[in-house]
Every structure is written in C-alpha cells, then in structure tokens.
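Structural overview
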Amino acid sequence: MKVPFLDLKAQYQSLREEIAVELQKVLDNTAFAGGPFVAEFEKNYAEFCQAKHAIGVGSGTEALWVALIGLGVGPGDEVITADNSFIATAEAISFTGARPVFIDVDESSYNLDPKKIEAAITDKTKAIIPVHLYGQMADMAPIMEIAKKHHLFVVEDAAQAQGAEYKGQRAGSVGHAGCFSFYPGKNLGAYGEAGAVTTNDDELAARMRMFRDHGQSKKYHHDMVGWNARMDGFQGAVLNVKLKYLNGWNNARRAHAQQYNDLLAGIEGLTTPAEMDSSRHIYHIYPILVDNRDALMDYLKQQDIASGIHYPVPLHLTGAYAADHQGAGQCPVTERITPRLVSLPMYPELTAEQIAMTADAVKSFLQK
Ligand SMILES: *Cc1c(COP(=O)(O)O)cnc(C)c1O
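A brief look at the structure comes next. (Residues numbered from 1 in each chain as written. Predicted model: local features only at pLDDT ≥ 70, side-chain atom pairs only at ≥ 80, totals over all residues. Heavy atoms only, no water.)

1. Considerations on the environment of P142
Residue placement: P142 occurs in helix α5 (residues 140-149). The exposure class assigned to P142 is partly exposed, which follows from its relative accessible area of 25%. Residues P142 and I117, spaced 25 residues apart in sequence, show a C-alpha to C-alpha distance of 9.9 Å. Ignoring sequence-local partners within four residues, the contact set of P142 consists of P114 and Y166. (Helix = DSSP H or I, 4+ residues; strand = E, 2+ residues; numbered from the N terminus. Buried < 20%, exposed > 50% of the residue type's maximum accessible area, 1.4 Å probe, protein only. Contact = heavy atoms within 4.5 Å.)

Written out as structure tokens, the structure reads:
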C-alpha cells in the first residue's frame with residue numbers, strides 16, 4: 001500500500017457531480033472574471049471566518065500584497081515576519097517596496113515568538129505578519145497588544161489556517177487583515193490559483209476591492225492606481241462547493257493528527273507537533289522533529305511512504321534574502337529546528353491503515 005503525501009483525486013472523486021453542475025453554471029453565465037460566483041463565495045467565506053468582509057483575489061501571495069498595499073505599506077517601511085515561513089510572505093513585503101525583517105519563532109508552536117518582536121521594531125516598522133504555520137494560529141493576544149502599543153498593523157498570513165481558531169476566534173478575524181491561499185493543496189483548495197483577504201475594517205475593504213479591480217469606483221473610472229487582482233469565476237464556484245465540507249475535512253485532519261500523536265508518543269528522539277492551549281489546529285501539515293531527518297525520509301520512500309520538508313531553508317539564509325540579513329545565528333530556534341523537520345502524509349481522506357503504516361515505519365527506523 002502506498003501512502004502519498006496528499007491525494008487531490010480522492011477528494012475530487014467525492015465531489016465530481018456537484019462540481020460539474022457548478023462549473024456548467026459559470027459557463028452558462030459566462031461569469032469568468034470576478035462576478036456572481038466570486039461574490040457568493042466572498043459572502044460565505046467572510047461568514048466562515050467570522051469576519052465582516054472577504055475579498056477574492058488571484059492567489060495567497062497576491063492576498064498578502066493587496067492587504068499590505070491597502071494598509072499603505074511601501075518603500076522605506078519595514079515589516080516583521082516569521083523566519084520559517086514560505087517565501088511568499090517575504091515576496092509580498094518586497095513587492096510593496098518595503099523590507100522584510102525575519103525574526104525567530106517559538107520552539108514548541110513553531111510560530112512567531114511574541115517575546116522577540118519588540119527588539120526588531122524600528123522607527124520604520126509599519127506592520128507585523130504572524131504566519132499561522134502548519135494550520136495553528138500564532139499567539140495573537142500579545143502580538144495585537146505590541147502592535148497597538150507601537151501603532152503597527154497586523155496582517156495574518158492564514159494561508160495554511162482556513163478554519164483554525166485562537167481563543168474561539170477564527171483565523172482572519174483577529175488582525176487588521178487576514179490573507180488566505182486556495183492553492184490546490186491547501187485545506188480549502190481551488191482547481192487553479194486563488195486567494196482572499198478578510199477584514200473587519202469597512203474602509204480597508206473598500207480600498208482593497210477598488211485596488212484589485214484597476215482602482216475603479218465604477219467601470220472605466222479609475223480613482224487610484226490599481227491592479228488586476230481579481231479571482232477567477234470558476235474558482236469562486238469550486239470554492240463555494242468545497243467550503244461546505246471544510247469543517248468536516250479539518251476535523252478529519254485533527255483526528256488523523258491525534259492518531260499519529262498516539263502512535264508516536266514516548267519515542268526517544270522524536271517530537272510530535274504541540275497544540276497550544278485554546279488553539280484549534282487544523283493540521284495543514286503534520287511535522288515531526290527527528291535527528292536523522294534525511295535518512296528517515298529515504299527509509300520512508302523505500303516503503304512507498306511520501307514525506308516533505310516545510311521548509312528546508314530559513315528565510316534569512318535563503319538566496320533571495322541572505323545578503324540583506326545577518327547570516328547564521330540570527331534566528332537560532334529556526335536554525336536548530338529546520339534540519340530536523342519532516343512532514344508526514346496528511347489529508348482528510350488518509351486512512352487509519354495508512355497512518356498506522358507510516359507511524360510503524362517511523363518507529364522501526366528510529367529504533368533500529
Ligand atoms: C501557500 C502559502 C502562501 C502563498 O499562497 P499562494 O496561493 O501559493 O500564492 C503564502 N504563505 C504561506 C504560509 C503559504 O503556505
């Protein structure tokens with residue numbers, strides 16, 4: 001039996017008929033760029049996130065960029081974010097003209113460490129981007145407090161956290177804006193590229209809506225320099241179908257994580273992911289820490305069990321950003337964790353047998 005890292009086909013098979021009907025409606029309406037299917041999804045997704053507004057855009061990377069632009073972040077500014085994120089978080093900052101400042105993460109949650117934020121604040125700092133990595137929200141209460149004290153914006157990178165909660169609040173409803181990716185492999189995945197920004201701020205929402213549609217207030221009346229950052233109509237229709245199942249899928253991932261946790265408990269040299277108090281982790285990724293990571297990955301591969309690394313190089317050491325940062329030693333926790341991280345297969349349709357097989361293989365490798 002094979003254990004793939006992710007199985008998009010299994011999920012599609014369960015939705016085939018429903019998706020086909022909705023895609024046909026988009027064709028019949030020729031509603032291809034933005035339009036009613038996107039508007040319907042925006043309404044439903046805002047409600048799902050407990051936020052006032054959701055604005056559909058072309059990708060998660062674009063969502064981050066649109067939110068920063070909407071908040072007025074630009075050249076000369078600095079934006080603080082987590083050193084262990086996917087490169088898109090940094091790229092979105094760079095393409096406003098601002099400079100990303102990478103700081104270290106907490107050893108057990110793998111999220112931005114609030115205790116390390118204030119030392120990184122300068123008179124150029126404009127915003128903080130906590131990344132809800134692997135599907136668990138960052139420690140938002142102290143982050144919001146620090147932001148308030150220093151008059152900074154908080155933009156949640158919730159690309160991996162659709163439906164995650166922190167003290168009962170959903171991802172995307174706590175910061176000034178929340179940014180989501182619907183890349184096909186995310187917990188809520190489109191059938192192509194898509195993203196969204198959520199916010200409770202009416203003015204910011206209006207500005208971002210205008211920006212993503214060439215800065216128009218009405219057709220061909222451009223009040224600001226904008227961009228084409230609209231969501232595709234087909235993606236709106238697909239996401240509307242899939243959103244109804246997201247809570248169920250997230251619960252399935254949580255149950256799988258519990259099974260992994262139980263099977264992998266008490267093994268020397270192995271750390272399973274920690275779920276923080278009053279947090280609802282949605283396990284976009286299930287990462288473990290081991291010493292002999294590369295050898296473990298090879299061993300799993302020999303048995304047809306896939307695994308991954310999220311992510312192999314900390315941002316302050318990555319080619320695109322290394323020259324602007326301080327090299328090894330800048331973020332000791334990230335640097336210590338990175339070579340030991342390995343992500344095990346995780347998706348809603350994963351079976352109990354596949355989890356048991358994967359856990360057995362990990363155990364027999366570590367006890368060899
Ligand atoms: C996926 C992801 C993004 C980018 O989203 P895209 O839709 O691929 O552009 C940004 N940040 C994080 C943390 C992600 O996982």
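2. Here we look at empty space enclosed by the protein
Following the criterion strictly, the structure yields four cavities of 30 Å³ or more and no others. Looking at the largest cavity, its volume works out to about 80 Å³. Class assignment for the residues of the lining of the largest cavity results in five nonpolar, three polar and four charged. (1 Å grid on protein atoms, 1.4 Å probe; cavity = no way out; pocket = protein on both sides within 12 Å on 5 of 7 lines; lining within 4 Å. Points joined across faces, edges and corners; volume = space filled by probe spheres on them. Nonpolar A, V, L, I, M, F, W, Y, C, P; charged D, E, K, R; others polar.)

3. Points about the site of the ligand
Neighbouring the ligand are 15 residues; G60, T61, Q160, S181 and K186 lie closest to it. Measuring from an oxygen atom of the ligand, one finds a backbone N or O atom of G60 at 2.8 Å. At a separation of 3.1 Å, an oxygen atom of the ligand approaches a polar side-chain atom of K186. Protein contact buries 93% of the 380 Å² of open area that the ligand shows by itself. More than half of the atoms of the ligand fall within 2 Å of the grid points belonging to the largest pocket. Counting only elements with at least two residues in the shell around the ligand, the list comes to α3 (60-70) and α4 (87-94). (Near = heavy atom within 4 Å. Polar contact = N/O pair within 3.5 Å; in protein donor to acceptor, adjacent residues only side chain to side chain. Areas by Shrake-Rupley, 256 points an atom, 1.4 Å probe, with all protein chains shown as cover. Sits in = over half its atoms within 2 Å of the grid points.)

4. A look at the packing of helix α1 (residues 8-29) against helix α7 (residues 233-243)
Between α1 and α7, the least distance of the axes is 9 Å, while the angle of their chain directions is 135°. Regarding the angle of α1 to α7, the classification is oblique. Remark: the crossing between α1 and α7 carries right-handed chirality. Where α1 approaches α7, its residues Q11, L15, E18, I19, E22, L23, V26 and L27 are matched on the opposing element by G233, F234, A237, V238, V241 and K242. A per-class count over the contact of α1 with α7 returns nine nonpolar, two polar and three charged. (Axes fitted to C-alpha atoms, helices over the stretch in contact; angles between N-to-C directions. Parallel < 35°, antiparallel > 145°, perpendicular 65-115°, else oblique. Left-handed = near helix turned anticlockwise from the far one by under 90°.)

5. A word on the pairing of strand β2 (residues 78-82)
Along a regular strand, successive side chains alternate from one face of the sheet to the other. For β2, a buried count of five out of five residues is recorded, marking the element as mostly surrounded by other parts of the structure. In this fold, the crossover linking β2 to strand β3 (residues 99-103) by way of α4 has right-handed handedness. Here four bridges tie β2 to strand β4 (residues 125-129), and the two strands are oriented parallel to one another. By the bridge assignment for β4, V79 is matched with A127. (Right-handed = clockwise from strand over helix to strand, strands pointing away. Pairing = 2+ DSSP bridges.)

6. Quick look at the pattern of salt bridges
Across all of its chains, the model carries 18 salt bridges by this definition. For the salt bridge of R293 with D294, the shortest nitrogen-to-oxygen distance reads 2.7 Å. One salt-bridge network, in which partners are shared between bridges, spans D104, D113, K115 and K116. (Salt bridge = Lys/Arg side-chain N within 4 Å of Asp/Glu carboxyl O.)

7. Let's talk about the packing of aromatic side chains
Inspection of the entire model under this criterion finds 16 aromatic pairs. Considering the side-chain rings of Y45 and F180, the 5.1 Å spacing of their centres and the 85° angle between planes classify their relative orientation as edge-to-face. Separated by 135 residues along the polypeptide, Y45 in helix α2 (residues 36-48) and F180 in strand β8 (residues 177-181) bring together distant segments of the chain. Given a relative accessible area of 0%, Y45 falls into the buried group. (Phe/Tyr/Trp six-rings, centres within 6.5 Å; stacked < 30°, edge-to-face > 60°.)

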